[in-house]
Amino acid sequence: MILDTENLVIDLKSLSRGMNRGVFIIPFKKVKWNIEDVEPIDSQGTLELAVDYGDDVILCTGSLDGHFQIPCARCLEPVGFSISEEICREYTWSPDPASDEQREVIPQSGKLDILEAVREAVLLSIPGKLLCSPDCTGICYN
Ligand SMILES: [Zn+2]
């Protein structure tokens with residue numbers, strides 16, 4: 001399986017039918033995460049992928065190992081968190097408009113863009129209200 005690790009695009013020609021597995025080093029600082037206030041801490045992370053290439057559907061699952069940071073909810077100092085959510089996304093050549101299943105269309109180019117699926121795992125891993133320490137007093141001390 002060949003993955004463009006900066007853009008997170010899989011070349012479908014590099015996949016065999018059935019299950020494809022791979023482990024990739026992702027240059028975190030080069031990926032366009034586009035998540036407000038969230039930035040990677042490490043320069044790279046590990047992406048483990050299992051891509052099931054079927055007749056109608058390509059099922060992409062996996063996990064991302066890495067650390068990101070978000071401002072403390074009180075004092076805005078950066079606080080780290082790790083990715084805890086799994087990646088899971090279905091792609092299809094011919095979506096059924098009557099179906100409400102969430103499937104992305106596979107482009108004619110044969111380049112499968114999994115950036116959104118990986119971004120989603122990062123988004124879902126963001127803790128609700130993260131504090132730099134439990135007794136953070138915030139910016140204002142009054
Ligand atoms: Zn704080």
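Please read these numbers as outputs of a predicted model, since none were measured by experiment.

1. Overview of the nonpolar core
Phase 1: Counting 38 residues, the largest nonpolar core has Leu47, Leu64 and Ile114 as the members making the most contacts within it.
Phase 2: If you tally residues by element for this core, the top one is helix 1 (residues 115–125), at 5 residues.
Phase 3: Aside from chain neighbours lying at most four places away, what touches Leu47 is Leu3, Leu8, Gly22, Val23, Phe24, Ile26, Ser63, Leu64, Ile87, Ile114 and Val118.

2. What about the coordination of the zinc ion?
Phase 1: Taken together, Cys72 (SG), Cys75 (SG), Cys132 (SG) and Cys136 (SG) make up the protein donors of the zinc ion, found 2.2 to 2.3 Å from the metal.
Phase 2: Considering all 4 donor atoms around the zinc ion, the spread of angles at the metal, 106 to 115°, places the coordination shape in the tetrahedral class.

3. Concerning the environment of Gly66
Phase 1: Here Gly66 is to be found in the loop between strand 6 (57–65) and strand 7 (67–71).
Phase 2: With 40 residues separating them along the chain, Gly66 and Ile106 place their C-alpha atoms 27 Å apart.
Phase 3: Excluding residues that lie within four positions of it along the chain, Gly66 makes contacts with Phe28, Asp42, Phe81, Ser82 and Ile83.

4. Comments concerning helix 1
Phase 1: For helix 1, every residue scored as buried is listed here: Leu115, Ala117, Val118, Arg119, Ala121, Val122 and Ser125.
Phase 2: Contacts made by the buried residues of helix 1 are with strand 5 (44–53), strand 6, strand 7, strand 8 (78–82), strand 9 (86–92) and strand 11 (111–113).

5. Considering the sheet that holds strand 8
Phase 1: The strand order across the open sheet built from 3 strands is 4-7-8, with neighbouring strands paired in antiparallel fashion. Strands at the two margins of the open sheet, each flanked by one partner only, are strand 4 (39–40) and strand 8.
Phase 2: Strand direction decides the pairing type here: strand 7 and strand 8, joined by 5 bridges, are antiparallel. Residue Ile70 lies in a different strand from strand 8, and its bridge partner there is Val79.

6. Points about the packing of aromatic side chains
Phase 1: Counted according to the given criterion, the structure contains 5 aromatic pairs.
Phase 2: Note on Phe28 and Phe68: the rings are 5.1 Å apart at their centroids and 40° apart in plane angle, and the pair reads as tilted. Of this pair, Phe28 sits in the loop between strand 3 (18–27) and strand 4 while Phe68 sits in strand 7, and the two are 40 residues apart along the sequence. Phe68 shares its class with Phe28; the two are buried.
Phase 3: Through pairs of rings, three or more aromatic residues link up here, namely Phe28, Trp33, Phe68 and Phe81.

7. Topic: unusual backbone geometry
Phase 1: Even without being a glycine, Asp37 presents a positive backbone phi close to 70°.
Phase 2: Assignment of secondary structure puts Asp37 in the loop between strand 3 and strand 4.
Phase 3: Phi is positive for Leu76, close to 70°, though the residue is something other than glycine.
Phase 4: Positionally, Leu76 belongs in the loop between strand 7 and strand 8.
Phase 5: Classification of Leu76 as exposed rests on a relative accessible area of 54%.

Conventions we followed
- Residues numbered from 1 in each chain as written.
- Predicted model: local features only at pLDDT ≥ 70, side-chain atom pairs only at ≥ 80, totals over all residues.
- Heavy atoms only, no water.
- Core = buried A, V, L, I, M, F, W, Y, C linked by side-chain atoms within 4.5 Å.
- Buried < 20%, exposed > 50% of the residue type's maximum accessible area, 1.4 Å probe, protein only.
- Helix = DSSP H or I, 4+ residues; strand = E, 2+ residues; numbered from the N terminus.
- Contact = heavy atoms within 4.5 Å.
- Donors = N, O, S within 2.8 Å, 3.2 Å for Na, K, Ca; no water.
- Tetrahedral: all angles 85-135°; square planar, octahedral: opposite > 155°, others 65-115°.
- Pairing = 2+ DSSP bridges.
- Phe/Tyr/Trp six-rings, centres within 6.5 Å; stacked < 30°, edge-to-face > 60°.

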